[in-house]
Amino acid sequence: MSDERLPHGNALLRGTRRRLVKAGAAVAWTVPVMQTVSVAQATGTVTPCGCTPGYWKNNQSQWPQGLSPSTTFLSAFNISFNSYADCRSILPNLTLESALCLGGGGINAFTRHAAAALLNIRKLGTCFPINETTLRTWVVDAFANCADPATESRKDVLAGYNQAGCPLPGDPAAGCA
C-alpha cells in the first residue's frame, strides 16, 4: 500500500480511507480539525465549477437564498469602511446586481468577479475553488488599500474560477448593458 496522506496526515484516516475506497464506498468523515472531508475532496478529484458575472445577471432566479440583486455589496460581504475615498467611492450604494455589471478593469473588474464568486460560493459550495472567508479577506484587502498589488492577480484568479464551467441551468450569455 502507498503512504497516501490526507491533508492532516492522520494514519487512522489513511487506513480507513484505503479500506473504504477499495470496497467502493462513497464516504465522508470528520478529520481532527472538525472539517468534513469527502473522498473526492481528499483525493483532489472534485471538478471545479463556477458561473460568470453575466450568468448571475441573467439568471437571478438561481441566486442563493439570502442574496438578491438589491443586496448591497458591502452587506453581502458583511464589511464596512469609515470613508469612501479613492477606489471605495463606488461602494456606498453598490448592489450585487450593479457590481456584476461594473465595466472596465482594475478595482471594477475585481468587484465584478468578487460578486460572482460570492454567488458561486453560496450556491455551488465545495466545487468553487475558494471559500467565503478567503474571498472576504481578498475584498477587504482590495478596498482597504486601493493600490494593493495583489488585487489584479486575485481578480485574474477569480475570473478563472468564475469561468470554470457553470453546472446550473439558464442562459450563460452576458447580461449587462
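Above this text is the structure in question.
Conventions and cut-offs
Residues numbered from 1 in each chain as written. Predicted model: local features only at pLDDT ≥ 70, side-chain atom pairs only at ≥ 80, totals over all residues. Heavy atoms only, no water. Axes fitted to C-alpha atoms, helices over the stretch in contact; angles between N-to-C directions. Helix = DSSP H or I, 4+ residues; strand = E, 2+ residues; numbered from the N terminus. Parallel < 35°, antiparallel > 145°, perpendicular 65-115°, else oblique. Left-handed = near helix turned anticlockwise from the far one by under 90°. Contact = heavy atoms within 4.5 Å. Salt bridge = Lys/Arg side-chain N within 4 Å of Asp/Glu carboxyl O. Buried < 20%, exposed > 50% of the residue type's maximum accessible area, 1.4 Å probe, protein only.

Enquirer: Before we move on, could you go through the packing of helix H6 (residues 106-124) against helix H8 (residues 150-162) and cite the residues and values that matter?
Expert: Look at H6 against H8: their axes get within 9 Å of each other, and the N-to-C directions meet at 40 degrees. When the interaxial angle is binned, H6 and H8 end up oblique. The element H6 and its partner H8 pack so that their crossing is left-handed. The segment H6 lies against H8, with Gly106, Ile107, Ala109, Phe110, His113, Ala114, Ala116, Ala117 and Asn120 engaging Thr151, Glu152, Arg154, Lys155, Leu158, Ala159 and Asn162.

Enquirer: Which residues make up the pattern of salt bridges, and what values go with them?
Expert: Applying the stated rule across the entire model yields five salt bridges. Across the salt bridge formed by Arg122 and Glu132, the nearest N and O atoms sit 2.8 Å from each other. Here Arg122 is found in helix H6, whereas its partner Glu132 is found in helix H7 (residues 132-144), with 10 residues between them in sequence. When its relative accessible area of 27% is taken as the criterion, Glu132 is described as partly exposed. Here Arg154 ties to Asp141 by a salt bridge, and the two come within 3.1 Å at their closest N and O atoms. You can see Arg154 sitting in helix H8 and its partner Asp141 sitting in helix H7, a full 13 residues away along the chain. Overlapping salt bridges bring together Glu152, Lys155 and Asp156 as one network.

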